[in-house]
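Structural description and commentary
Each chain, written out:
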Amino acid sequence: MAALPVLALVLLLAWGSPRAAGQKRKEMVLSEKVNQLMEWASKRSVIRMNGDKFRRLVKAPPRNYSVIVMFTALQPHRQCVVCKQADEEYQILANSWRYSSAFTNKIFFAMVDFDEGSDVFQMLNMNSAPTFINFPAKGKPKRGDTYELQVRGFAAEQLARWVADRTDVNIRVIRPPNYAGPLMLGLLLAVIGGLVYLRGSNLDFLYNKTGWAFAALCFVLAMTSGQMWNHIRGPPYAHKNPHTGQVNYIHGSSQAQFVAETHIVLLFNGGVTLGMVLLHEAATSDMDVGKRKIMCVVGIGLVVVFFSWLLSVFRSKYHGYPYRYGFA
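Residues numbered from 1 in each chain as written. Predicted model: local features only at pLDDT ≥ 70, side-chain atom pairs only at ≥ 80, totals over all residues. Heavy atoms only, no water.

What about the pattern of salt bridges?
Scanning the model with the defined rule gives ten salt bridges in all. A salt bridge links Arg55 to Asp52; the nearest nitrogen and oxygen atoms lie 3.1 Å apart. Pair noted here: Arg55 and Asp52 are both in helix 2 (residues 51-59), with a separation of three residues, about one helical turn. Residue Asp52 is classed as exposed on the basis of its relative accessible area, which comes to 56%. The salt bridge partner of Asp115 is Arg78, with a shortest N-O separation of 2.8 Å. Taken as a pair, Asp115 in the loop between strand 3 (107-113) and helix 4 (118-123) and Arg78 in the loop between strand 2 (66-72) and helix 3 (81-98) lie far apart in primary sequence, 37 residues in all. (Salt bridge = Lys/Arg side-chain N within 4 Å of Asp/Glu carboxyl O. Helix = DSSP H or I, 4+ residues; strand = E, 2+ residues; numbered from the N terminus. Buried < 20%, exposed > 50% of the residue type's maximum accessible area, 1.4 Å probe, protein only.)

This is the structure we're talking about:
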């Protein structure tokens with residue numbers, strides 16, 4: 001009977017030893033992976049990965065860290081303009097985290113270029129770039145772990161909000177100094193100062209209603225076309241379908257837009273405005289009747305054509321809108 005406790009102890013040790021050894025090996029593998037990532041992150045904020053590195057450090061367990069991966073195509077022959085723009089913002093975000101006082105091994109930023117890891121694209125059934133995916137510390141990526149680029153844009157601030165939502169890591173984006181604004185302001189002040197100096201005895205141009213009206217009109221057209229939205233969200237200029245090569249300048253959703261779309265809307269609004277100005281001049285000017293008729297016809301034509309195109313853009317974004325004007 002006394003041998004039973006001894007036998008039970010021997011069986012317990014025999015069963016626990018492999019389990020403890022496995023746990024120890026798991027911890028060693030995890031430590032090696034973290035040390036490797038920290039070493040790479042100390043040299044480059046965004047870690048470039050191929051298929052082998054991605055499978056070993058991102059897909060394969062164990063992992064107690066999150067990895068934000070940008071899948072992109074930066075090689076010149078891919079002609080992905082959006083990829084280059086998104087990469088610049090992604091680098092700003094990664095640098096802000098790497099040089100932050102709160103930097104830890106809880107999260108890493110990585111990149112997989114199509115020409116260096118096409119097998120990863122195939123493994124994930126991915127057919128577009130750029131794409132941002134968060135690979136969480138536990139489990140597989142969920143729906144919210146794929147960044148909605150077309151809706152939120154690729155500005156570093158927007159990416160930081162998404163990262164905070166998925167990983168609870170708050171990153172304060174620090175952009176490199178941009179001297180373009182102060183230089184443009186200084187140039188403007190120099191031009192104004194030069195005009196005042198050269199025309200010190202005649203400042204009537206400052207009271208020119210036409211000049212001020214034109215400047216105000218340009219500002220209104222820029223704001224109504226969505227330039228401020230572009231500045232805040234940082235959307236891509238356009239979207240190129242990787243399969244067909246077709247370039248879309250108008251976003252198909254009412255919740256987002258491309259930069260090219262704002263330029264198109266600005267042009268259409270400007271055409272409608274010019275038509276209205278011509279109609280006003282035709283009705284109020286002192287020119288002969290023949291010229292006023294020509295101005296009236298041109299003004300009506302501009303309003304009809306450009307307003308019809310403007311409404312077509314609206315219909316393409318708000319699907320099911322039943323009305324049209326002029327032609328589609």
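Observations regarding the state of the cysteines
On inspection of all chains with the given rule, the structure shows one disulfide. Bridging Cys80 to Cys83, the disulfide has an S-S length of 2.1 Å. Handedness here is read from the sign of the S-S torsion; for Cys80 and Cys83, about 70°, the answer is right-handed. What makes Cys80 buried here is its relative accessible area of 15%. (Disulfide = S-S within 2.5 Å.)

Here's the deal with the packing of aromatic side chains
In this description, an aromatic ring pair is defined by two values, namely the gap between the centres and the angle between the planes. Evaluation of the coordinates by the stated rule reveals 14 aromatic pairs. Each ring, one from Tyr90 and one from Phe132, has its centre 5.3 Å from the other, and the planes form 50°; the classification is tilted. A residue pair is termed long-range when its members are at least 10 positions apart, and Tyr90 in helix 3 and Phe132 in strand 4 (residues 131-135) qualify at 42 residues. Taken together, the ring pairs in this structure connect Phe54, Phe71, Phe114, Phe121 and Phe135 into an aromatic cluster. Against the face of Trp40 rests Lys53, its NZ or CZ located 4.6 Å from the ring centre. Sitting above the plane of the Phe103 ring, Arg98 keeps its charged end 5.1 Å from the centroid. (Phe/Tyr/Trp six-rings, centres within 6.5 Å; stacked < 30°, edge-to-face > 60°. Lys NZ or Arg CZ within 6 Å of the ring centre and 35° of its normal.)

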